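The lines below spell out each chain.
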Amino acid sequence: MRRALVVLAVLVGQVMFGHVLFAGPARAGSEPARVALIGVPGLHWNDLTPADTPNLWALAGSSAIGSLSVRTVGNVTCPYDGWLTVSAGTRSASGYACGAPPRPEPRGEGAVIPGYRYLIDVAGQRTAGTLGESLKAAGQCSIAIGPGAALALADQQGAVGHYRASPLQVGTADLEQCRMVAMDVDDLVQPYLAGEPGRLPKVPDKLGPAERREALRLADTKAGALLSVLPAGTTVLLAGLSDHGSVPHLRVAALREPGAEGRLLGAASTRRDDISILTDLTATVLNKLGVAVPATVVGVPLRVGEPGATVERLRSADATAQTMRSAKAAYFTALAVFQVLFYVLAFLLLRAAGACPGYDAPPWRSRPCPSPRSWSTSCRGTPTWSCSAAWRRGG
């Protein structure tokens, strides 16, 4: 009897020890993940300074950082296409030219994006709404703050369950209820969209340094308002989701989570330890929330790499890249102007030399002057100058 009691006590102890050993850590690790995606269209590393953008500077300093390629379908990406690509998980575009995303129409706690089905039914963007549909199918609550965030989190009907126009409208109850928050901080890019008809300007940079700094201060204040109310332990993604002018640039990418500070941020999609693409944001959000990533999403979760990344290094590299791109754009502009002037001068010289027919040729043999496209072509297999001589001889 005593032996049976000892065996029973050992079995009970093993069961209890096993419960503590295995159930304890699982309970500790079962705290649901929270993700906040802060999109600041037009933001590049050279914009961040402790004086003008203290909130974003502090966020970057405590994050893994890298560069984000925002290219979608065209050479230049507008905010609409950037947020739409995050929604679809594939490179997407709303049309040939675009600007800001449409403003949602409030519906109770949520909102509806007007004309959303146009993207799927007419524009052929059949994967639009992938992120929102995936979160909804997994029973995940999400909050969108601002038009771009609503576009990113909308389902395929253009509906968003929880929508706020400003981070000041987001309460503690909202953040406790919803594990996914996305915010569109458009204060930096809006001044660039003020022209007709609300599209990105066809110049490298529309704003002067002082105007851009003022826009950056507004964007930093809005981002700081959300960062100040996020629950502790929230994974924060910062992304410069679009271009702001006619010259494309790499933008800001940062990921704040435990152990990421001071490390490089890249992705297998680019095979680089310091560069990622827009569709990687979609895969990262779903992966962090424990939601299955659909097969249509071409991006992969962001990868935290080696230590040694600093904001100062990225600022310096960004400034160098901007200078090189601006010089390249100026070179091609000058080349185009030179070509136009060359053809105009060549045309005038041909006319002065009598290259156009009708001066001494019989009327029935007269021909019209060569068009600009035929200056470098041949006439009856003879070079232009010989052809002109033949015209003058009446040949």
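As shown above, the structure is provided for reference.
Overview of the structure. All of these numbers come straight from a predicted model, not from anything done at the bench.

### Looking at the side chain of T53
- Residue position: T53 is located in the loop between β1 (35-39) and α2 (54-61).
- Residue T53 is classed as buried on the basis of its relative accessible area, which comes to 0%.

### Quick look at α2
- Buried within α2 are the following residues: L56, L59 and A60. Looking straight down α2, one finds that the buried residues subtend no more than 95° of arc, so they occupy a single side.

### Describing the packing of aromatic side chains
- Applying the stated criterion across every chain, the model contains 1 aromatic pair.
- Centroid distance F342 to Y343: 5.6 Å. Interplanar angle 65°. Geometry classified as edge-to-face.
- We classify Y343 as partly exposed; its relative accessible area is 40%.

### What about the pattern of salt bridges?
- Summed over the entire model, instances satisfying the criterion amount to 15 salt bridges.
- Between R164 and E109 there is a salt bridge; the shortest N-O distance is 2.8 Å. With a gap of 55 residues between them, R164 in strand β7 (residues 162-164) and E109 in the loop between β3 (105-107) and β4 (110-112) connect regions that are remote in the sequence.
- The exposure class assigned to E109 is partly exposed, which follows from its relative accessible area of 49%.
- The closest approach of N and O atoms between R164 and D174, which form a salt bridge, is 3.2 Å. In this pair, R164 is assigned in strand β7 and D174 in helix α7 (residues 172-177), connecting sequence segments 10 residues apart.
- One network of salt bridges, with partners in common, ties together D52, E214 and R217.

Calculation notes
- Residues numbered from 1 in each chain as written.
- Predicted model: local features only at pLDDT ≥ 70, side-chain atom pairs only at ≥ 80, totals over all residues.
- Heavy atoms only, no water.
- Helix = DSSP H or I, 4+ residues; strand = E, 2+ residues; numbered from the N terminus.
- Buried < 20%, exposed > 50% of the residue type's maximum accessible area, 1.4 Å probe, protein only.
- Arc of directions from axis to C-beta.
- Phe/Tyr/Trp six-rings, centres within 6.5 Å; stacked < 30°, edge-to-face > 60°.
- Salt bridge = Lys/Arg side-chain N within 4 Å of Asp/Glu carboxyl O.

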